[in-house]
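Summary of structural features
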Number of protein chains: 2
Amino acid sequence: MSWRKEQRRAERGYHHGNLKEALLQAALDLIAQKGAAGFTFADAARMAGVSPAAPYRHFRDRDELLSSIAQRGFEQFEAALAQAWDDGRPDTVTAFERVGKAYLAFAREEPSFYSAMFESGLPSDANPALMAAGERAFAVIRAAAERLAALAPPGVPRPPAMMMALHIWSMSHGVASLFARGDAARRKLPMSPDELLEAEVLIYLRGLGFATDGRAQDGKGQADEKPAGPWGKPK
Amino acid sequence: MSWRKEQRRAERGYHHGNLKEALLQAALDLIAQKGAAGFTFADAARMAGVSPAAPYRHFRDRDELLSSIAQRGFEQFEAALAQAWDDGRPDTVTAFERVGKAYLAFAREEPSFYSAMFESGLPSDANPALMAAGERAFAVIRAAAERLAALAPPGVPRPPAMMMALHIWSMSHGVASLFARGDAARRKLPMSPDELLEAEVLIYLRGLGFATDGRAQDGKGQADEKPAGPWGKPK
DNA sequence: TGGCTCATGTAAGAGCTCTTCACATGAGCT
DNA sequence: AGCTCATGTGAAGAGCTCTTACATGAGCCA
């Protein structure tokens, strides 16, 4: 009763032709359905229409497939963040907030990548290329923080950009992994994850002395205006 | 060559007597070693010295065992946070920071619990008791935020306590899961996770208008003293 | 065109896990 | 003493991971 498999083979010949890509795609789909833990090498093979042994021609391991996905994820993540940052245009604070939104958007729209990247429990020393890709993604946040730190108001010691970057990253990751994904999002929130993160970052930046209200802060700032606060209007 | 097993049985008789507890403990140990994903039902049975089928008398599933652990984790977590909070003594801000430290300490000292709680990919609707335990733990943070919000300086619209609680939680979870655990901690940081989180929370609170320097803020605050900032001294 | 070679796929199998079943044991009650 | 039922066992099916030996055919070279 394996006419199904026979037929598939008839359609595409003995050689698949693009198995590596097909496996990566299949794995993404499977992770989306069943989570990074539930995904199975054999399942990916089945989905690609090849025998369970075929994937071993392209990936040493189930883990290597997973870390390939994570690596790609970091690359796309970096691209998304970099595009959102857009080198700080039109102004640093606006661009910075856009980065936060892009972070959440990625976590929401690419949950498979996100969980391969952060929740797959891969030994971090397994794949140097993976680590490097992660570093590059973080570098975008760090560069943005650098620029932001340079705008810090005088009079107060300037916050270390590295620290700011780590803070922003931890907020983003915290919101993303607690509230913005799959059934974790079932917790009933008083606001959307995006709003939550935006408020969080705004409050944080204000704590650093930034005037985060009028947005255009790069020079001519209207500093103190009794701001409405980053949380909506009181009812 | 199974004299080993025979001997164990001789020691403890046909019935284990406390298998459920033994399994939970074994699972914790295994998760600590190999991560929540790598842990195996059969392994736990072996470690407890019983046959692979025995655990099924106590847990419907591998997942049910995992969620039992997560539930216990939340209970201990709640206890740890509540103890740290100590009903806001000696003053709200100090106690609040203690909660943050307790959060990280738990993540660091009980990584098995922490990953069962937050990284095991359990369907959140699987176990109502689990969800309830999670809620109770969060309630501690929320209660603390409530008290803190009540101290918010006048003149600015008071921040919603729920939002503050979610913010604090996301920061804590973000720092914990990115920097304070296992080989994720291999990222070379300019400061310890504890310091990182403390600074983050302090900056955040300052952004809400709290004077977070002299600590005693509940009444007689020395408000403005050109604070050194929550990041150490500039070198 | 014919023939080589090697990357890519397959089949079969060992060893593992999960889970279920019928059956064994003995702790605690009557 | 005898019953009963919770608790543990052994065997077995189904699935997964990964290895090994073998099959196929695409690309190259003459």
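Right above here is the structure, for reference.
Overview of the structure. (Residues numbered from 1 in each chain as written. Chains lettered and ligands numbered in written order. Predicted model: local features only at pLDDT ≥ 70, side-chain atom pairs only at ≥ 80, totals over all residues. Heavy atoms only, no water.)

1. A few points about empty space enclosed by the protein
Residue and element names in this part refer to chain B. Basically, it comes down to this: Buriedness of a pocket was judged along seven lines, with at least five required to meet protein on both sides within 12 Å; pockets are open sets of points on a 1 Å grid over the protein atoms alone, cavities are sets where a 1.4 Å probe fits but cannot get out, and lining residues have an atom within 4 Å of a point. Grid points are joined across faces, edges and corners, and a volume is the space filled by probe spheres set on the points. Numbering of helices and strands runs from the N terminus, with a helix taken as a DSSP run of H or I at least four residues long and a strand as a DSSP run of E at least two residues long. Gly is put with the polar residues, along with every residue not named as nonpolar or charged; the nonpolar set is Ala, Val, Leu, Ile, Met, Phe, Trp, Tyr, Cys and Pro, and the charged set is Asp, Glu, Lys and Arg.
The final tally for this structure, using the stated rule, is two cavities of 30 Å³ or more. If you add up the space inside the largest cavity, you get close to 130 Å³. Sorting the residues of the lining of the largest cavity by element identifies α5 (92-109), α8 (161-179) and α9 (193-207) as the ones contributing at least two each. With six residues, α5 is the single largest residue contributor to the lining of the largest cavity. The residue inventory of the lining of the largest cavity, partitioned by class, reads six nonpolar, two polar and four charged. Taken as a whole, the second largest cavity spans an internal volume of roughly 80 Å³.

2. Some points on the protein's contact with DNA strand D
Put simply, the test is: When we say a residue is near a molecule or strand, we mean one of its heavy atoms is within 4 Å of it. Polar contact criterion, stated in full: a pair of N or O atoms within 3.5 Å, where within protein one must be able to donate a hydrogen and the other to accept it, and residues adjacent in sequence count only if both atoms are side-chain atoms.
Taken together, 24 residues sit near DNA strand D, with A42(A), Y56(A), S51(B), R57(B) and H58(B) positioned nearest. Here the atoms of DNA strand D within 4 Å of the protein split so that 62% fall in sugar or phosphate, with bases taking the remainder. Within the backbone of R62(A), one N or O atom sits 3.4 Å away from a phosphate oxygen of DNA strand D. Note that a phosphate oxygen of DNA strand D is positioned 2.6 Å from one of the side-chain N or O atoms of H58(B). Only α3 (41-48) of chain A together with α1 (3-12) of chain B provide two or more residues apiece to the surface near DNA strand D. Per element, the largest residue contribution to the surface near DNA strand D is three residues, and it comes from α3(A). Among the residues making up the surface near DNA strand D, the classes are represented as ten nonpolar, seven polar and seven charged.

3. Things to note about the protein's contact with DNA strand C
Lining the immediate surroundings of DNA strand C are 25 residues, of which S51(A), R57(A), H58(A), A42(B) and Y56(B) lie closest. Each atom of DNA strand C within 4 Å of the protein was assigned to sugar, phosphate or base; sugar and phosphate come to 61%. With respect to DNA strand C, the backbone of S51(A) contributes an N or O atom lying 2.6 Å from a phosphate oxygen. Between DNA strand C and the protein, one listed contact pairs a sugar or linking oxygen with a side-chain N or O atom of T40(B) at 3.1 Å.

4. Details of the nonpolar core
Our working rule: Only buried Ala, Val, Leu, Ile, Met, Phe, Trp, Tyr and Cys residues count toward a nonpolar core, and they belong to the same one when joined by side-chain atoms within 4.5 Å. A simple rule labels every residue: compare its accessible area, found with a 1.4 Å probe on the protein chains alone, to the largest value its type can have, and call it buried under 20%, exposed over 50%, or partly exposed in between. Any two residues having at least one pair of non-hydrogen atoms within 4.5 Å are treated as being in contact.
One finds I69(A), Y103(A), I69(B), Y103(B) and L205(B) to be the most contacted residues of the largest nonpolar core, which totals 151 residues. Here the element with the most residues in this core is helix α8 (residues 161-179) of chain A; it accounts for 13 residues. For Y103(A), the contacting residues outside a window of four places in its chain are F77(A), L81(A), Y114(A), F118(A), I141(A), W169(A), S172(A), H173(A) and A176(A).

5. Focus on the interface of chain A and chain B
Rules: By definition, the buried area sums, over both parts, the 1.4 Å-probe accessible area that each loses when the two are put together.
Chain A puts 43 residues into the contact, and the matching count from chain B is 43 residues. Summed over both partners, the interface of chain A with chain B buries about 3700 Å², with 70% contributed by carbon and sulfur atoms. Along the contact surface separating chain A from chain B lie eight residue pairs in polar contact (both at pLDDT 80 or more). At the level of secondary structure, the elements contributing two or more residues to the side of chain A that touches chain B comprise α7 (128-150), α8 and α9 (193-207) of chain A. Broken down by element, the residue count for the side of chain A that touches chain B peaks at 13 residues, all from α8(A). The residue makeup of the side of chain A that touches chain B, split by class, is 26 nonpolar, eight polar and nine charged.

6. Here's the deal with the packing of aromatic side chains
Which entries qualify depends on this criterion: Think of it this way: a Phe, Tyr or Trp ring, Trp meaning its six-membered ring, pairs with another when their centres are within 6.5 Å, and the plane angle makes it stacked under 30 degrees, edge-to-face over 60, tilted otherwise. As a reminder, the over-ring test applies to NZ of lysine and CZ of arginine, requiring each to be within 6 Å of the ring centre and within 35 degrees of the ring normal.
A complete count under the given rule lists 20 aromatic pairs over all chains for this structure. Seen in terms of ring centroids, W169(A) and F179(B) are 6.0 Å apart; in terms of plane orientation they differ by 75 degrees. Their pairing is edge-to-face. One end of the pair, W169(A), is in helix α8; the other, F179(B), is in helix α8, on a second chain. Judged by relative accessible area, W169(A) falls into the buried class, the value being 3%. Ring centres of F138(B) and W169(B) lie 5.0 Å apart, and the angle between their planes is 25 degrees; this geometry places the pair in the stacked category. Note that F138(B) is positioned in helix α7 (residues 128-150) and W169(B) in helix α8, a separation of 31 residues in sequence. With respect to burial, F138(B) and W169(B) carry one shared label: buried. Joined through ring pairs, the aromatic side chains of F74(A), F77(A), Y103(A), F106(A), F113(A), Y114(A), F118(A), F138(A), W169(A) and F179(B) make up one cluster. Here the guanidinium or amino end of K20(A) rests over the ring plane of F59(A), the centre of that ring lying 5.4 Å away.

7. Some remarks on the relation of the copies chain A and chain B
Note the threshold: When the copies are superposed, the least-squares fit draws on C-alpha atoms of residues that have pLDDT of at least 70 in both.
The two copies are related by a screw motion: chain A maps onto chain B through a turn of 180 degrees and a shift of 0.0 Å along the axis, at an RMSD of 0.1 Å. Expressed as a symmetry operation, the mapping of one chain copy onto the other fits a two-fold axis. Ranked by how close their C-alpha atoms come to the rotation axis, the residues of chain A are headed by G207(A), at 1.7 Å. By residue overlap, the copies meet face to face through one surface: 100% of the interface positions of chain A are interface positions in chain B.

8. Thoughts on the packing of helix α4 (residues 62-85) of chain A against α7(A)
All names here are of chain A. Operational definition: Between the N-to-C directions of two axes lies an angle of 0 to 180 degrees, each axis being a line fitted to C-alpha atoms and, for a helix, fitted only over the stretch in contact. In these notes the angle categories are as follows: under 35 degrees is roughly parallel, over 145 is roughly antiparallel, 65 to 115 is roughly perpendicular, and the rest is oblique. By definition, turning the near helix anticlockwise from the far helix through less than a right angle yields a left-handed crossing, and turning it clockwise yields a right-handed one.
One can describe the packing of α4 onto α7 by two numbers: an axis separation of 8 Å at closest approach and a directional angle of 15 degrees. On the basis of the axis angle, α4 is roughly parallel to α7. You can see that α4 and α7 cross each other, and the crossing is left-handed. Where α4 abuts α7, its residues S67, A70, Q71, F74, E75, F77, E78, L81, A82 and W85 lie against A129, L130, A133, G134, R136, A137, V140, I141, A144 and R147.

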